[in-house]
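Descriptive structure summary
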Amino acid sequence: MKSHHYYQIKKLTVSAMMLAIALLLPFLTGQLQAIGQMLTPMHVPVLLCGMICGPIYGLAVGVVAAPLRFILFGMPQMPNVLYMTAELASYGFLSGLFYQILPKRKSCLYISLLLSMIGGRIAYAFMFITVNLSNAKSVEALTLPIISATVLTAWPGMIIQIVLIPTLLIVLEKARIIPLKNS
């Protein structure tokens with residue numbers, strides 16, 4: 001039987017790979033902010049990290065990804081890095097939590113993913129309101145920008161996530177790469 005230490009190292013390694021993918025994947029969008037917002041390339045590795053490694057590792061990768069990318073490459077720009085940090089941290093934590101507590105059925109995989117996506121969008125909206133409320137006349141004045149940023153602009157990325165993440169998890173499971181011991 002493999003030791004607890006082995007699984008911790010494996011989770012740390014997978015998390016580091018997911019962080020690297022989250023940092024590099026946005027280069028595929030050509031550094032065009034509009035395309036990046038539409039395809040949400042950093043979301044996929046963070047969601048996967050939570051599901052593969054657990055909520056704490058997913059949270060850590062989600063918290064670090066956007067600020068580190070900002071420090072290294074200047075993108076995402078401020079204040080978007082703040083919104084994305086809240087969103088990605090929620091994605092990582094919630095995807096890991098729901099994936100752990102729900103039964104390991106295909107339908108529950110989609111439920112985990114959808115609940116995580118909703119939670120991340122709520123965190124984004126909360127951070128957006130927190131940062132912008134002092135400049136807005138009311139919360140209602142922020143409604144359209146929040147809906148635009150979290151749903152209207154990002155729907156192609158959401159579809160990619162719904163198709164790609166379950167497919168990747170099923171392939172990784174069949175290849176016996178996951179599930180990692182969740183401890």
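Everything numeric in this text was worked out from a predicted model, so none of it was measured. (Residues numbered from 1 in each chain as written. Predicted model: local features only at pLDDT ≥ 70, side-chain atom pairs only at ≥ 80, totals over all residues. Heavy atoms only, no water.)

Quick look at the packing of helix α3 (residues 43–53) against helix α6 (residues 106–132)
Between α3 and α6, the least distance of the axes is 12 Å, while the angle of their chain directions is 125 degrees. Taken together, α3 and α6 sit at an angle that is classed as oblique. Of the two elements, α3 crosses α6, and the hand of that crossing is right-handed. Here His43, Leu47 and Met51 of α3 come into contact with α6, specifically with Leu109, Ser112, Leu113, Ser116 and Arg121. In the contact of α3 with α6, the residues fall into 4 nonpolar, 3 polar and 1 charged. (Axes fitted to C-alpha atoms, helices over the stretch in contact; angles between N-to-C directions. Helix = DSSP H or I, 4+ residues; strand = E, 2+ residues; numbered from the N terminus. Parallel < 35°, antiparallel > 145°, perpendicular 65-115°, else oblique. Left-handed = near helix turned anticlockwise from the far one by under 90°. Contact = heavy atoms within 4.5 Å. Nonpolar A, V, L, I, M, F, W, Y, C, P; charged D, E, K, R; others polar.)

Regarding the nonpolar core
Counting residues in each nonpolar core, the largest one holds 30 residues, and the members touching the most others are Leu48, Met51, Ile52, Leu88, Ile165 and Leu169. If you list the elements that add at least two residues to this core, you get α1 (4–24), α3, α4 (55–73), α5 (80–101), α6 and α8 (155–174). Discounting chain neighbours no more than four positions away, the residues touching leucine 48 are Met18, Ile165, Leu168 and Leu169. (Core = buried A, V, L, I, M, F, W, Y, C linked by side-chain atoms within 4.5 Å. Buried < 20%, exposed > 50% of the residue type's maximum accessible area, 1.4 Å probe, protein only.)

Topic: the pattern of salt bridges
A complete count under the given rule lists 1 salt bridge for this structure. The salt bridge involving glutamate 87 is made with arginine 121; its shortest N-O contact spans 3.0 Å. In this pair, glutamate 87 sits in helix α5 while arginine 121 sits in helix α6, placing the two residues 34 residues apart along the sequence. Given a relative accessible area of 2%, glutamate 87 falls into the buried group. The buried category is assigned to arginine 121, whose relative accessible area is 9%. (Salt bridge = Lys/Arg side-chain N within 4 Å of Asp/Glu carboxyl O.)

As for α3
Since there are 3.6 residues in each turn of an α-helix, residues three or four apart along the chain are aligned in direction. Across the 11 residues that make up α3, a large majority, 11, are buried. When α3 is considered as a whole, its buried residues turn out to be His43, Val44, Pro45, Val46, Leu47, Leu48, Cys49, Gly50, Met51, Ile52 and Cys53. Next to the buried residues of α3 lie α1, α4, α5, α6 and α8. Within two residues after α3, glycine 54 carries a phi angle of roughly 110 degrees, on the positive side.

Some points on the side chain of serine 15
Mapped onto the secondary structure, serine 15 falls in helix α1. On the accessibility criterion, serine 15 (5% relative accessible area) is buried. Dropping the residues within four chain positions of it, serine 15 is found in contact with Cys49, Cys53, Tyr57 and Val61.

Digging into the packing of aromatic side chains
Two aromatic rings, taken as a pair, are described by how far apart their centres are and by the angle between their planes. Applying the stated rule across the entire model yields 4 aromatic pairs. Pairing tyrosine 6 with tyrosine 7 gives two aromatic rings, centres 5.4 Å apart and planes at 80 degrees, and the pair type is edge-to-face. Their ring planes at 80 degrees and their centres at 4.9 Å tell us that phenylalanine 27 and phenylalanine 73 sit as a pair that is edge-to-face. Placement of phenylalanine 27 in the loop between α1 and α2 (33–39) and of phenylalanine 73 in helix α4 is noted, with a sequence separation of 46 residues between them. Under the relative-accessibility criterion, phenylalanine 27 is labelled partly exposed at 36%. The class for phenylalanine 73 is partly exposed, based on a relative accessible area of 35%. (Phe/Tyr/Trp six-rings, centres within 6.5 Å; stacked < 30°, edge-to-face > 60°.)

Things to note about a nonpolar patch on the surface
A cluster of nonpolar side chains, Leu24, Phe27, Ile71, Leu72 and Phe73, forms an exposed patch at the surface whose accessible area comes to about 500 Å². Top element by residues in the nonpolar patch is α4. It accounts for 3 residues. (Patch = residues over 30% accessible without salt bridge, like charges linked within 9 Å, V, L, I, M, F, W, Y side chains within 5 Å. Areas by Shrake-Rupley, 256 points an atom, 1.4 Å probe, with all protein chains shown as cover.)

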